[in-house]
Amino acid sequence: MGVEKFGPVRVGLLGIGTVGGGTFEVLWRNRQEITRRAGRRIEITQVADRDVDHARRIVADRARVLDDAAAVVADPAIDIVVELIGGTGVALKLVLAAIEAGKHVVTANKALLAMHGNEIFAAASRRGVMVAFEAAVAGGIPIIKALREGLSANRIESIAGIINGTTNFILSEMRDKGLAFDAVLAEAQRLGYAEADPTFDIEGVDAAHKATILAALAFGIPVQFDKCYVEGISTLQSTDIKFAEQLGYRIKLLAITRRRERGEGPHGIELRVHPTLIPARRLIANVEGAMNAVWVKGDAVGETMYYGKGAGAEPTASAVVADLIDVARVLTADPENRVPHLAFQAESISDLPILPMDDVETAYYLRMRVADEPGVLADLARILADGEISIDALLQREPGAGEDQTDIVLLTHVTFERRVNQAIARIEALPTVLSKVVRIRLEELA
Ligand code: HSE
């Protein structure tokens, strides 16, 4: 092939499960096109997997298969290590060993980068190697590249993402079919969307890993997973999805990160994952099923949005292979002149703090069960007014025949979380309030 300026790049693939299998196939199927793009061949020459028989069935005679990932990492014949094992145990050891051995790394491992990214990127910079991770956030959507390169002229103001497909599928089904969370989760597991142990997905941890990485890229801060506020969808009730709909909103599990450097209250970065009401007319509110989307607002570009499949063999392989091509293209470039791992130069990383939730500013949906008696609404209004919380909308269902209690739903204007927590404590102490207050955050995303 006339375009080849250099010899082939030799890749060691660690883990040939769903994404590894997709990566192997996409790289093989599109090898001519990829060589035309990269200027040299990119060949997976070694594959390590604990299930050697399974690996052999996929690979056939196209690469050497072995069960020892450490041997692939140590082999001088390997230029790039692709880590698709997942988790933060053996994957961390292998990635650090690959870096120490002077190899470039491509990984889809969001947990690893969210928890150990600072250490990994520092080690990579010392050794002059690249760690590429497009597949770690939102699967096939090139959001890392968009933030790191396409939007690099901007001061990023905020990001809101649907970056977990399992939970978006569950929320879409709950709304569409009026089903309860447990019933839809069972269906998601049957269809293979949710893992057998879906805790990381439904409790928001997977989205928090990805949000942590996006915040670092957007604002030039270190990865700080331990400071990310995480709330999942397992306690979300269909009643609230229905009330939200009546008020013109959808509920999504949003990953939000936003810069606050103006106005009242401490300045810093908001970093949070929780169920969120979004106006139904917004594009991102209409992202349904297992699809992902990321909305990014920059000072120059304004609002942008990126949509696609956040999981699955070939969508994720699309990102892994793109990283391989990127690394192959700049292998010979001076490390100082490569795009920095976290978008900003390592020596310019900011110490702007991640704000505690009490200092976060957002709007709220509040629902409570109340006795149908005079003065209930007046008491609620008084407590909110005392807390300087302004009511934006209010919904009260007429009690059913023979009922002496009903639900009140309130939407507030934007306020500090601290004020809402204080108001909720006072509301729950009222004798006429018969339930805990359901509190869901609300974002206009304007
Ligand atoms: N478990 C993730 C999701 C897929 O449901 O979106 C990979 O990040």
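Not measured: the values here are computed from a predicted model. (Residues numbered from 1 in each chain as written. Predicted model: local features only at pLDDT ≥ 70, side-chain atom pairs only at ≥ 80, totals over all residues. Heavy atoms only, no water.)

A few words on helix α8 (residues 165-177). Its 13 residues place the ends of α8 18 Å apart at the C-alpha level, agreeing with the 18 Å of an ideal helix rising 1.5 Å per residue. Buried residues dominate α8, accounting for ten of its 13 residues. All buried positions along α8 are accounted for by Gly165, Thr166, Thr167, Asn168, Phe169, Ile170, Leu171, Ser172, Glu173 and Met174. Elements that come into contact with the buried residues of α8 comprise β7 (156-162), α9 (181-190), α10 (199-202), α12 (238-246), β9 (249-260) and β11 (291-298). For α8, the capping residue at the N-terminal end is Asn164, with a side-chain oxygen 3.3 Å from the backbone nitrogen of Thr166. Trailing α8 by a residue or two, Gly178 shows a phi angle of about 65°, which is positive. (Helix = DSSP H or I, 4+ residues; strand = E, 2+ residues; numbered from the N terminus. Expected span 1.5 Å × (residues − 1). Buried < 20%, exposed > 50% of the residue type's maximum accessible area, 1.4 Å probe, protein only. Contact = heavy atoms within 4.5 Å. Polar contact = N/O pair within 3.5 Å; in protein donor to acceptor, adjacent residues only side chain to side chain.)

Around the ligand, the neighbouring residues are Lys110, Asn164, Gly165, Thr166, Asp201, Asp206, Lys210 and Ala311. In the model, an oxygen atom of the ligand is placed 2.7 Å from a nitrogen or oxygen of the Gly165 main chain. One nitrogen or oxygen atom from the side chain of Lys210 is found 2.8 Å from an oxygen atom belonging to the ligand. When residues of the shell around the ligand are traced back to their parent elements, those giving at least two are α8 and α11 (205-219). A per-class count over the shell around the ligand returns one nonpolar, three polar and four charged. (Near = heavy atom within 4 Å. Nonpolar A, V, L, I, M, F, W, Y, C, P; charged D, E, K, R; others polar.)

Relative to the elements of secondary structure, Asp206 occurs in helix α11. Judged by relative accessible area, which is 6%, Asp206 ranks as buried. Leaving out residues up to four positions away in the same chain, Asp206 has contacts with Lys110, Ile163, Asn164, Phe200 and Asp201.

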